[in-house]
Amino acid sequence: MKKVLYYISTGLLYLLSLLPLCIHYLFSDVIYLIIYHLLGYRKPLVRRHLSECFPEKSDAERASVERAFYHWFCDYLVESIKMLTMSERQMRKRMVFRSTETVDQVVGEGQSCAVYLGHYCNWEWITSLPLWVTPDAQCGQIYHVLENSDYDRLFLRLRQRWGAVCIPMAETLRRIVKYKQEGKPVVIGYISDQVPFWNNIHHWLQFLNHDTPVLTGTERLARQTGHAVFYMDVRRLKRGYYEAEFKLITREPKQMQEYEITDIYFRMLEESIRREPACYLWTHNRWKRSHEEFNIRYDPETGRVDLSPLEEVKKKRNL
């Protein structure tokens, strides 16, 4: 039955993707009315995030950002569906990359690139990067494998249409080493603003007015492999049109202080978000792990985090 439902749903999505984007945006407007006004999808979480991240804004300003976010989020959904059948010409027109000559220069000198991204603007369309950079580089992105293998295959089809490869997170280093052995420079995108698991928390910083635990794996990989590090600064120019600019952070990651690259990335990401806050993924519960709870769970003797229910951890430590 799951297989049948998968083939029916993917067939319908494919047929839907054949429609012009202007029609997709009509669907987006309807979806907006449903998930925002009718269902109120994660509205309390979004409002809490906006209130905590932008205390300097008035209630009216935050309400405006909230509505704009849900409009953009619905656009993101239909734009992702449209990827199934978008032509190369249309994609190049709507997703433009700037400063790619810097990437080409780095690759031409035999150095691979690590590119920091965030859940900002349309990160699915960024997989069209191979249309813009030198074919001497293998473009790719790190991704979480979906539990449903059928839908995982669908997303792989979407994200690999333009020649980029999707690399499962667990295979990142092995695949990078393999490309290096083959003499193939890589340009790998890392969406690094997710919430780390308790045992993967090694660094905290101030991000959007929060004491935030952050992933540091991208920095560690860049140091280990000697990749040049970029931040991709994305802008939404208007509905259905984006521009992404490569901004070089460093070509010598091993010369940077520990966590300095991570700090720079989050500072640049925050600048992007503050410029146009509606295009960030506010429905994700990014601050569900607090520093206070981490300190309770963390055992300095073992260097591990106790994952038992919090009340049990408190009892063990007489808190």
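Before reading further, recall that the structure is shown in the block above.
Just so it is clear, the structure is predicted and the values come from calculations on it, not from any experiment.

### Quick notes on the overall build of the protein chain
Across its full length, the protein chain carries twelve helices and eleven strands. The C-alpha radius of gyration of the protein chain comes to 21 Å, within 12% of the 20 Å expected for a compact globule of 319 residues. Based on the C-alpha atoms only, the size of the protein chain along its principal axes is roughly 60 × 55 × 45 Å. Here the protein chain, with 319 residues, has 51% of them falling under the buried criterion. Taking all contacts inside the protein chain whose residues are at least 6 apart in sequence as the whole, residues at least 24 apart take part in 76%. Within the structure as shown, the protein chain displays about 16,100 Å² of accessible surface, and the carbon and sulfur contribution to it stands at 53%. Here the protein chain contributes 45 positively and 39 negatively charged side chains, and the mean placements of these two sets differ by 6 Å.

### Quick look at the nonpolar core
Counting 75 residues, the largest nonpolar core has Val 187, Phe 207, Leu 208, Met 232, Ile 273 and Trp 282 as its most contacted members. Excluding residues that lie within four positions of it along the chain, Met 232 makes contacts with Phe 97, Val 115, Tyr 116, Leu 117, Ile 126, Ala 244, Glu 245 and Phe 246. Ranked by size, the runner-up nonpolar core spans ten residues in total, among them Ala 114, Ile 167, Ile 176 and Tyr 190.

### Considerations on the environment of Val 234
As for its position among the elements, Val 234 is in strand β8 (residues 228-238). Those residues in contact with Val 234, other than ones at most four positions away along the chain, are Tyr 120, Cys 121, Ile 126, Glu 243, Ala 244 and Arg 275.

Conventions we followed
- Residues numbered from 1 in each chain as written.
- Predicted model: local features only at pLDDT ≥ 70, side-chain atom pairs only at ≥ 80, totals over all residues.
- Heavy atoms only, no water.
- Helix = DSSP H or I, 4+ residues; strand = E, 2+ residues; numbered from the N terminus.
- Rg over C-alpha atoms; globule rule 2.2 N^0.38 Å.
- Buried < 20%, exposed > 50% of the residue type's maximum accessible area, 1.4 Å probe, protein only.
- Contact = heavy atoms within 4.5 Å.
- Areas by Shrake-Rupley, 256 points an atom, 1.4 Å probe, with all protein chains shown as cover.
- Lys, Arg positive; Asp, Glu negative; His and termini not counted.
- Charge placed at Lys NZ, Arg CZ, Asp CG, Glu CD.
- Core = buried A, V, L, I, M, F, W, Y, C linked by side-chain atoms within 4.5 Å.

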